[in-house]
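# Topology and contacts: notes
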Amino acid sequence: MLDFADKVAFVTGAGGGMGFRIACDLINHGARVMMFDIKPRPGEIPGSSEQSFYLQGDLTDEPAVAAAVKKAVELFGGIDYLANVAGALWFERDKSALEIDLDAWDQVMAINLKSMVHTARNVVPHLRKRGGGAMVHFSSTQCLRGDPAPQDAYQAAKAGVVAFSKSLAIQLAGDKIRSNVIYPGPSESPMQDRWQANPDARAATARAIPLGRVGTVADMSNACLFLLSDRASFITGTELLVDGGLLAKP
Ligand SMILES: NC(=O)c1ccc[n+]([C@@H]2O[C@H](COP(=O)([O-])OP(=O)(O)OC[C@H]3O[C@@H](n4cnc5c(N)ncnc54)[C@H](O)[C@@H]3O)[C@@H](O)[C@H]2O)c1
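This report concerns the structure included in the present document. A quick note: this is a predicted structure, and the numbers were derived from the prediction, not measured.

Moving on, we get to the packing of aromatic side chains. For the structure on display, the rule yields two aromatic pairs. Taking the centre distance of 5.5 Å and the plane angle of 85° together, the rings of Phe4 and Tyr81 count as edge-to-face. You can see Phe4 sitting in the segment before strand 1 (8–12) and its partner Tyr81 sitting in strand 4 (residues 81–84), a full 77 residues away along the chain. With relative accessibility at 0%, the residue Phe4 sits in the buried group. The class for Tyr81 is buried, based on a relative accessible area of 4%.

Another point: helix 1 (residues 17–28). For helix 1, built from 12 residues, the straight-helix expectation of 16 Å at 1.5 Å per residue is met to within 8% by its first-to-last C-alpha distance of 17 Å. Within helix 1, 10 of the 12 residues are buried, which leaves the element mostly enclosed by the surrounding structure. When helix 1 is considered as a whole, its buried residues turn out to be Gly17, Met18, Gly19, Phe20, Ile22, Ala23, Cys24, Asp25, Leu26 and Ile27. Where the residues of helix 1 are buried, they touch strand 1, strand 2 (32–37), strand 3 (52–56), strand 5 (133–138), strand 6 (177–184) and helix 7 (217–228). Gly30 lies just past helix 1 and shows a positive phi near 100°.

Taken together, 28 residues are adjacent to the ligand, and Met18, Asp37, Tyr154, Lys158 and Ser189 come closest. The contact in question runs from an oxygen atom of the ligand to an N or O atom on the backbone of Gly16, over 3.1 Å. Taking Lys158, its side chain carries an N or O atom lying 2.8 Å from an oxygen atom of the ligand. Considering the ligand on its own, with 820 Å² of exposed area, one finds that the protein chains cover 95% of that surface. Elements represented by at least two residues in the shell around the ligand include exactly helix 1 and helix 4 (152–172). Taken together, the residues of the shell around the ligand break down into 12 nonpolar, 12 polar and four charged.

Further remarks concern the nonpolar core. One finds Val11, Leu26, Val33, Met35 and Phe138 to be the most contacted residues of the largest nonpolar core, which totals 33 residues. Ignoring sequence-local partners within four residues, the contact set of Leu26 consists of Phe4, Ala9, Val11, Ala31, Val33, Leu225 and Leu228. With 31 residues, the next largest nonpolar core counts Phe10, Val123, Met135 and Tyr183 among its residues.

A word on the sheet that holds strand 7 (residues 239–242). Taken in spatial order, the seven strands line up as 3-2-1-4-5-6-7 in an open sheet, and their pairing is parallel. Pairing within the sheet leaves two strands with one partner each, and these edge strands are strand 3 and strand 7. Adjacent strand axes in the sheet meet at a mean angle of 15° when their direction is disregarded. As defined by bridge partners, strand 2 adjoins strand 3 across five bridges and the pair is classed as parallel. The residue of strand 3 that forms the bridge with Asp37 is Gln56. Set on the sheet, helix 2 (residues 62–76) makes contact with strand 1, strand 2 and strand 3; between it and strand 2 the angle comes to about 160°. Together, strand 5, strand 6 and strand 7 form the strand contacts of helix 4, whose direction differs from that of strand 6 by roughly 160°.

A separate point is unusual backbone geometry. Only a minority of non-glycine residues have a phi that is not negative, and only a minority of peptide bonds are not trans. In the Ramachandran plot, Asp6 falls in the positive-phi region, its phi being about 70° despite a non-glycine side chain. Residue position: Asp6 is located in the segment before strand 1. The phi torsion at Lys176 lies on the positive side, around 60°, for a residue other than glycine. Mapped onto the fold, Lys176 is located in the loop between helix 4 and strand 6.

Rules of the game
- Residues numbered from 1 in each chain as written.
- Predicted model: local features only at pLDDT ≥ 70, side-chain atom pairs only at ≥ 80, totals over all residues.
- Heavy atoms only, no water.
- Phe/Tyr/Trp six-rings, centres within 6.5 Å; stacked < 30°, edge-to-face > 60°.
- Helix = DSSP H or I, 4+ residues; strand = E, 2+ residues; numbered from the N terminus.
- Buried < 20%, exposed > 50% of the residue type's maximum accessible area, 1.4 Å probe, protein only.
- Expected span 1.5 Å × (residues − 1).
- Contact = heavy atoms within 4.5 Å.
- Near = heavy atom within 4 Å.
- Polar contact = N/O pair within 3.5 Å; in protein donor to acceptor, adjacent residues only side chain to side chain.
- Areas by Shrake-Rupley, 256 points an atom, 1.4 Å probe, with all protein chains shown as cover.
- Nonpolar A, V, L, I, M, F, W, Y, C, P; charged D, E, K, R; others polar.
- Core = buried A, V, L, I, M, F, W, Y, C linked by side-chain atoms within 4.5 Å.
- Pairing = 2+ DSSP bridges.
- Axes fitted to C-alpha atoms, helices over the stretch in contact; angles between N-to-C directions.

In C-alpha cells:
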C-alpha cells in the first residue's frame, strides 16, 4: 500500500478522466488534495470534506493558478506534490503545422504546455518549504512519432512537456524535488468520448496495442501515484510509457 498520509497534492485536470481518478486515489491513500479544473466536479469525491477542495478555474490564467495554490496552502498548510494532468486535444481545430490557424496553435500550446509553467512556478516554492516533493507531468505517446492525421500543436506541446520536466528535474534535484513525465497511450476517458459513437475505432485502437486493450484511468493513476510516492525516490528526470507496449512495436 502506498501511504500519502499528511501529504498534500495539487492536481490539475481533476475534472477529467485521469485527473479525477488520480485525485480520488490520492485521497483514498490519505492525502489532502486541491483539485483544479475548468470544468465542474464530475462525481462524488471520496474521503472527508476536509480532505479535498475542488476549484474551477482556467490554467492559462496565471493569477487564477496563483490564487488556487494560495488557497491550497491556506487550507492544507503546504504542498508536497504537483500532478500536471490537464490537457486538451482539439480534434477539429488542431491539424498540420502547415495549415493550422495560428491562434489555435497558441491556445493549444497555452493549455498543454504554458499551463504547466503556471503551476510549477507557483507550487515549487511550497515544495521547497517542505524540504522536497515530487511532480508528475502528463505528456502523450503522440509526441514520439508522426501521424498521417496530425495534431501538430498538441504534439509539439506534449514534446515540450518532456523537455520542461527534465530541465526542472536537474534544476530542483538539489532541493530534493523530483520531476517526471507519464506518456499515456490511447485511453478511455472523456478526451476519447468520440469512441462512444464509433466503437469500431476504439476496437481498432485496442487491436493495435500489444496488450490488446486501450488504457484506463486506473492504469494512469497507478503510474502517477508510484512516481509521486517515496517508492520512486531515486527516479527523476525521466519518462514512463504507459501504453500497453504500443511504442515498443516495430
Ligand atoms: N485519454 C487519452 O487517450 C490520452 C492519451 C495520451 C495523453 N493524454 C493526456 O493525459 C492527460 C489527461 O487526459 P484525460 O484523458 O484525463 O482527458 P480529459 O479530457 O478527461 O481531462 C483533461 C482535463 O483537463 C481540463 N482542462 C483543459 N484545459 C484546461 C484549462 N485551461 N484549465 C483547467 N483545466 C483544463 C479539462 O477540463 C479536462 O477535465 C492530458 O494531459 C492528456 O493530454 C490522454
